[in-house]
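Survey of secondary and tertiary structure
One-letter residues, chain by chain:
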Amino acid sequence: VFTPNQDGIHDQWELGFSEGIQKIELKIFTRWGQVVFHSTQVDQYWNGNFKEKLAPEGVYFWILSYSCIEGTEFVQKVEKGYVSVLR
């Protein structure tokens, strides 16, 4: 959950890790499958906006594809989950 209401507390949703990440693709979707955020940068965060406007309060689905080094091997992973926007 994050609260993008410009109060300086939890105003953006970000990945909780970045060490060892070589390449990412993050997509955040509405419940109808519309992409509201897309990034290939580890340090780019979603501020709760969509097309320069506030995204509606609600639950969004995300998919993160990334490459990293585990031990001595380069592996590709996919993680999925939900994030809630509260205003």
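Everything below is about the structure printed above this text.
Rules and cut-offs
- Residues numbered from 1 in each chain as written.
- Predicted model: local features only at pLDDT ≥ 70, side-chain atom pairs only at ≥ 80, totals over all residues.
- Heavy atoms only, no water.
- Helix = DSSP H or I, 4+ residues; strand = E, 2+ residues; numbered from the N terminus.
- Buried < 20%, exposed > 50% of the residue type's maximum accessible area, 1.4 Å probe, protein only.
- Contact = heavy atoms within 4.5 Å.
- Areas by Shrake-Rupley, 256 points an atom, 1.4 Å probe, with all protein chains shown as cover.
- Lys, Arg positive; Asp, Glu negative; His and termini not counted.
- Charge placed at Lys NZ, Arg CZ, Asp CG, Glu CD.
- Phe/Tyr/Trp six-rings, centres within 6.5 Å; stacked < 30°, edge-to-face > 60°.
- Pairing = 2+ DSSP bridges.

A word on the overall build of the protein chain. From N to C terminus, the protein chain includes zero helices and six strands. Reading the protein chain from its N terminus to its C terminus gives the helix and strand order β-β-β-β-β-β. Its C-alpha atoms give the protein chain principal-axis dimensions of roughly 45 × 30 × 20 Å. Burial analysis of the protein chain (87 residues in total) assigns 32% to the buried set. Of the contacts made within the protein chain by residues no fewer than 6 positions apart, 50% connect residues no fewer than 24 positions apart. Put simply, the protein chain shows about 6100 Å² of open surface, and 49% of that area lies on carbon and sulfur atoms. Positive and negative side-chain charges in the protein chain, numbering 8 and 11 respectively, have mean positions lying 12 Å apart.

Attention now goes to the packing of aromatic side chains. This structure, assessed with the given rule, holds five aromatic pairs. On the basis of an interplanar angle of 45° and a centroid distance of 5.6 Å, the ring pair of Trp 13 and Trp 62 is categorised as tilted. A residue pair is termed long-range when its members are at least 10 positions apart, and Trp 13 in the segment before β1 (21-29) and Trp 62 in strand β5 (residues 58-70) qualify at 49 residues. Exposure remark for Trp 13: the relative accessible area of 15% places this residue in the buried category. Its relative accessible area of 13% is what places Trp 62 among the buried residues. Three or more aromatic residues joined by ring pairs form one cluster here, namely Phe 2, Trp 46 and Tyr 60.

Next up on the list: the pairing of β5. Alignment of β1 against β5, held across eight bridges, turns out to be antiparallel. Its bridge partner being in β5, Glu 25 is matched across the sheet by Ser 65. Where β5 meets strand β6 (residues 73-85), 13 bridges bridge the pair, whose relative direction is antiparallel. Paired with Ser 65 across the two strands is Val 78, which belongs to β6. A loop of two residues connects β5 with β6, the two strands running antiparallel in sequence, and Gly 71 in this loop sits at a positive phi of about 70°.

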